[in-house]
Amino acid sequence: MSRIDFGKALTTGRGCRLEVVILENNLQEKKLLIFGSNIQLNDYVHITAAEKVILEDNVLIASKVYISDCSHGTYGKFDINDHPDTIPKDRKLYSMPVTIKKNVWIGEGVCVLMGVTIGEGSIIGSNAVVSKDIPSYSIAVGNPAKVIKKFDTNQQKWISV
């Protein structure tokens, strides 16, 4: 049984890597990586799911994007700190779900880290590192990604914040 739900009308570019990691705590989970409808992944997108990664409908992802719901070790996120002398591949794998809501556009070279939700209609600028939630109808850029604009539904335009 596949742990990936490919949704409807998924398109991919060259060299995409879609992987699920089977752990003791997710043996009963049927689907770990879930695509909605009309998802477009461009070249060399890498998505890893150990707990749950969901891409809702109409998500556009540029090339060389990395999305993962897991990390080798933890560095304060769970009030646990792995020691730097521990070999990285031997550190426990930690995970928190990632959700990318509908109509999101993720730019070239973006990294989306574990535990993040990107809100509906948002845009993530090229090379951003998304380590915290991004609200709906926002534009976020940088490392770490920060919201620089929000869409004002009353004025029907993007407003700098």
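See the structure shown above.
Residues numbered from 1 in each chain as written. Predicted model: local features only at pLDDT ≥ 70, side-chain atom pairs only at ≥ 80, totals over all residues. Heavy atoms only, no water.

### Describing the sheet that holds strand 4 (residues 33-35)
The pairing of strands in a sheet happens through backbone hydrogen bonds and is either parallel or antiparallel. Within the open sheet, the 5 strands sit side by side as 1-4-7-12-15. Their pairing is parallel. Edge positions in the sheet fall to strand 1 (4-5) and strand 15 (117-118), since each of these pairs with one other strand and no more. The pairing of strand 12 (residues 98-100) with strand 15 spans 2 bridges and is classified as parallel. Among the inter-strand pairings, T99 is bridged to a residue of strand 15, identified as T117. (Pairing = 2+ DSSP bridges. Helix = DSSP H or I, 4+ residues; strand = E, 2+ residues; numbered from the N terminus.)

### Concerning the packing of aromatic side chains
Considering all chains together, one arrives at 2 aromatic pairs under this definition. Plain terms: the ring middles of F6 and F35 are 6.4 Å apart, the flat faces sit at 10° to each other, and that makes the pair stacked. Here F6, found in the loop between strand 1 and strand 2 (11-12), pairs with F35, found in strand 4; they are 29 residues apart in sequence, far enough to count as distant. Residue F35 is classed as buried on the basis of its relative accessible area, which comes to 2%. With centroids separated by 5.3 Å and ring planes inclined at 70°, the aromatic side chains of F151 and W158 adopt a geometry described as edge-to-face. Judged by relative accessible area, which is 26%, F151 ranks as partly exposed. Here W158 falls in the partly exposed class, since its relative accessible area comes to 32%. (Phe/Tyr/Trp six-rings, centres within 6.5 Å; stacked < 30°, edge-to-face > 60°. Buried < 20%, exposed > 50% of the residue type's maximum accessible area, 1.4 Å probe, protein only.)

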